[in-house]
Amino acid sequence: MNADDLPTLRAELEAHGLWANKGLGQHFLLDLNITRRIARAAGDIAGKPVIEVGPGPGGLTRALLEAGADPLIAIEKDARFLPLLAPLAEWSGGRLRVVHGDALTADEDALLAWTAGVSPANRSATDTASPARTPAVQAASIVSNLPYNVGTPLLVKWLKAGAGRGDMTLMFQKEVAQRIVAKPGDDAYGRLAVLAQARCSVRLEFTVPARAFTPPPKIASAVVTLKDRPDPYPHLDVLERVTAAAFGQRRKMLRASLRSLTPDAEDLLRAAELAPTARAEEIDQAGFRRLADAWRARA
Ligand code: SAM
């Protein structure tokens, strides 16, 4: 299956009279060499379920279908793209399911269970999904060129959904990508790094210059892979609270910044075996886990 036989993405946008809506973070990748590179970064997805947020004109969708994603559930908020994506769903032989909805509130488990219950022959090209909730949890890769305005909340939502959900290959603004992979002492080190690395091994795969997008955003983007780590920290809500306090005043010593969490911050730090004079930016993953455990022990 080769997407080079399809009309070009630019021709499809023109044929449907579509233009980018900046309010929805629309910056399109119309070069299949780049979307294929993103699909390759996701590893072997042939025959495996994949979720894509924001297919837009479908450049990455095409690459994911070429790579064999099955099913590929593509959640798009902008209804203008549905008629453009419908022929792609047909071309995919029923592997692509386009869902009109908001990824921030989408229930991925329900979508996966719903898709799993439908045989390819019975799949329709486009669904406005309100599938019935089922308890089945299936692992699925998430591969997306994320809308900039909701990239971070989407990542936090998926991290908090828990381990064992599948790998993620995601394009963000470069500065957000750097915050995800940052290590203690880096300027970009903060809550996002601690949360992401509590659940995943993270890697910045490659950067993509702004000029590769239509229309070009102000800054470059980068693709990050996030893979389940063998020892995920299970209490991300607690970690979120603790890191919010610690990095809320990142230049202050922890004994001061953690006062927003508890009046006896020094006791908490002692229980977590952390120096009261340390600053959040110096604390590694293990240190934050101890701090979150110490905070939980008090609840
Ligand atoms: N995947 C396409 C590509 O690479 O060319 C488009 C990427 S564009 C950066 C982001 C896409 O996400 C747009 O199609 C936009 O309409 C869609 N989008 C924005 N907010 C969304 C949301 N909350 N839920 C689902 N899709 C959303």
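As the structure is a computational prediction, the values presented were derived from the model and not from experiment. (Residues numbered from 1 in each chain as written. Predicted model: local features only at pLDDT ≥ 70, side-chain atom pairs only at ≥ 80, totals over all residues. Heavy atoms only, no water.)

## Brief notes about helix H2 (residues 32-41)
For clarity, the threshold we go by: The rule is simple: take the accessible area with a 1.4 Å probe, protein chains only, and divide by the maximum for that residue type; under 20% is buried, over 50% is exposed, in between is partly exposed. Going along the chain from the N terminus, every DSSP run of H or I of four or more residues is numbered as a helix, and every run of E of two or more is numbered as a strand. Residue contacts follow a heavy-atom distance rule, with two residues in contact if any of their heavy atoms lie within 4.5 Å.
Burial analysis of H2 places seven of its ten residues in the buried class, which makes it a mostly covered element. Along its buried surface, H2 packs onto strand S1 (28-29), helix H3 (59-66), strand S6 (141-145), strand S7 (168-173), strand S8 (200-208) and strand S10 (221-228).

## Digging into unusual backbone geometry
Excluding glycine, residues mostly have negative phi values, and the peptide bonds linking residues are mostly trans. The omega torsion across Asp-70 and Pro-71 is -5°, close enough to zero to call that bond cis. Within the secondary structure, Pro-71 is located in the loop between H3 and strand S3 (72-76). Cis geometry marks the peptide bond from Thr-214 to Pro-215, where omega comes out at -10°. Turning to its location among the elements, Pro-215 is positioned in the loop between strand S9 (213-214) and S10.

## Here we look at the domain arrangement of the protein chain
Accessible area lost when the parts come together is the quantity often used to give the size of an interface. Convention followed: By convention here, the domain bounds are inherited from an automatic or database domain assignment. When two parts are put together, the accessible area they lose, computed with a 1.4 Å probe and summed over both, is reported as buried area. Basic side-chain nitrogens of Lys or Arg form a salt bridge, by our definition, when they fall within 4 Å of a carboxyl oxygen of Asp or Glu. Distance and chemistry together define a polar contact, namely a pair of N or O atoms within 3.5 Å, with one atom able to donate a hydrogen and the other to accept it when in protein, and with adjacent residues in sequence counting only for side-chain atoms on both sides. Classes in brief: Ala, Val, Leu, Ile, Met, Phe, Trp, Tyr, Cys and Pro nonpolar; Asp, Glu, Lys and Arg charged; the others, Gly included, polar.
Domain annotation of the protein chain identifies domain 1 (3-228) and domain 2 (236-298). When each unit is reduced to the centre of its C-alpha atoms, the spacing between domain 1 and domain 2 is 34 Å. Opposite the 14 residues of domain 1 that make contact, domain 2 presents 16 residues. For domain 1, the biggest contributors to the area lost against domain 2 are Tyr-189, Arg-191 and Val-194; these three give 42% of the whole. Remark: the boundary between domain 1 and domain 2 carries two salt bridges. We note a salt bridge from Glu-240 to Lys-160, for which the minimum N-O separation is 2.7 Å. Between domain 1 and domain 2 we count seven residue pairs in polar contact (both at pLDDT 80 or more) in total. Mapped onto the side of domain 1 that touches domain 2, the elements with two or more residues apiece are helix H6 (151-160) and helix H8 (191-199). Here the element with the most residues in the side of domain 1 that touches domain 2 is H8; it accounts for five residues. Class assignment for the residues of the side of domain 1 that touches domain 2 results in seven nonpolar, three polar and four charged.

## Description of the packing of aromatic side chains
To keep it simple, the criterion reads: Between 30 and 60 degrees the pair is tilted, below 30 it is stacked and above 60 it is edge-to-face, where a pair is any two Phe, Tyr or Trp rings, Trp via its six-membered ring, whose centres lie within 6.5 Å. The rule for a charge over a ring is simple: NZ of Lys or CZ of Arg within 6 Å of the ring centre, and within 35 degrees of the ring normal.
Taken as a whole and judged by the stated rule, the model has three aromatic pairs. Ring centres of Phe-28 and Phe-81 lie 5.6 Å apart, and the angle between their planes is 70°; on these two criteria the pair is classed as edge-to-face. Here Phe-28, found in strand S1, pairs with Phe-81, found in the loop between S3 and helix H4 (82-91); they are 53 residues apart in sequence, far enough to count as distant. A single burial state applies to Phe-28 and to Phe-81, both of which are buried. Ring centres of Tyr-189 and Phe-247 lie 5.8 Å apart, and the angle between their planes is 80°; this geometry places the pair in the edge-to-face category. Linking Tyr-189 in the loop between helix H7 (174-181) and H8 with Phe-247 in helix H9 (residues 236-248), this pair joins segments that are 58 residues apart in sequence. Each member of the pair, Tyr-189 as well as Phe-247, carries the same accessibility label: buried. Taken together, the ring pairs in this structure connect Tyr-189, Phe-247 and Phe-288 into an aromatic cluster. The positively charged end of Arg-80 is found above the aromatic ring belonging to Trp-19, 4.8 Å away from the centroid. In this structure, Arg-97 is placed above the aromatic ring of Trp-114, and the distance from its NZ or CZ to the ring centre is 4.4 Å.

## Description of the pairing of S10
To be explicit about the condition: Think of it this way: DSSP has to see at least two bridges between two strands before they count as a pair.
Across the eight residues of S10, six count as buried, placing the element largely inside the fold. Of the strand pairs in this sheet, S7 and S10 are connected by six bridges, and their pairing is antiparallel. Bridging across to S10, Met-168 finds its partner in Leu-226.

## Observations regarding the pattern of salt bridges
For the structure shown, the criterion picks out 17 salt bridges. In this structure, Glu-66 engages Arg-36 in a salt bridge whose closest nitrogen and oxygen atoms are separated by 2.7 Å. Of the two residues, Glu-66 sits in helix H3 while Arg-36 sits in helix H2, which places them 30 residues apart along the sequence. Here Glu-66 falls in the partly exposed class, since its relative accessible area comes to 23%. The class for Arg-36 is buried, based on a relative accessible area of 18%. Residue Asp-231 is joined to Arg-229 by a salt bridge in which the shortest nitrogen-to-oxygen separation is 2.7 Å. Among the ionic contacts, a cluster of salt bridges with common partners joins Asp-4, Arg-36 and Glu-66.

## Description of the packing of H8 against helix H12 (residues 285-298)
Packed helix pairs are specified by the crossing angle of their axes together with the interaxial distance, meaning the distance between the axes. Our working rule: Orientation is described by lines fitted to C-alpha atoms, with helices fitted over the stretch in contact, and by angles between N-to-C directions that extend from 0 to 180 degrees. For classification, angles of less than 35 degrees are called roughly parallel, those exceeding 145 degrees roughly antiparallel, those between 65 and 115 degrees roughly perpendicular, and all remaining angles oblique.
Close contact between H8 and H12 brings their axes to 10 Å; oriented N to C, the two are set at 90°. By the angle class used here, H8 and H12 are roughly perpendicular. For the pair H8 and H12, contact is made by Val-194, Gln-197 and Ala-198 and by Gln-285, Phe-288 and Arg-289, respectively. When the residues that make up the contact of H8 with H12 are grouped by side-chain class, the tally is three nonpolar, two polar and one charged.

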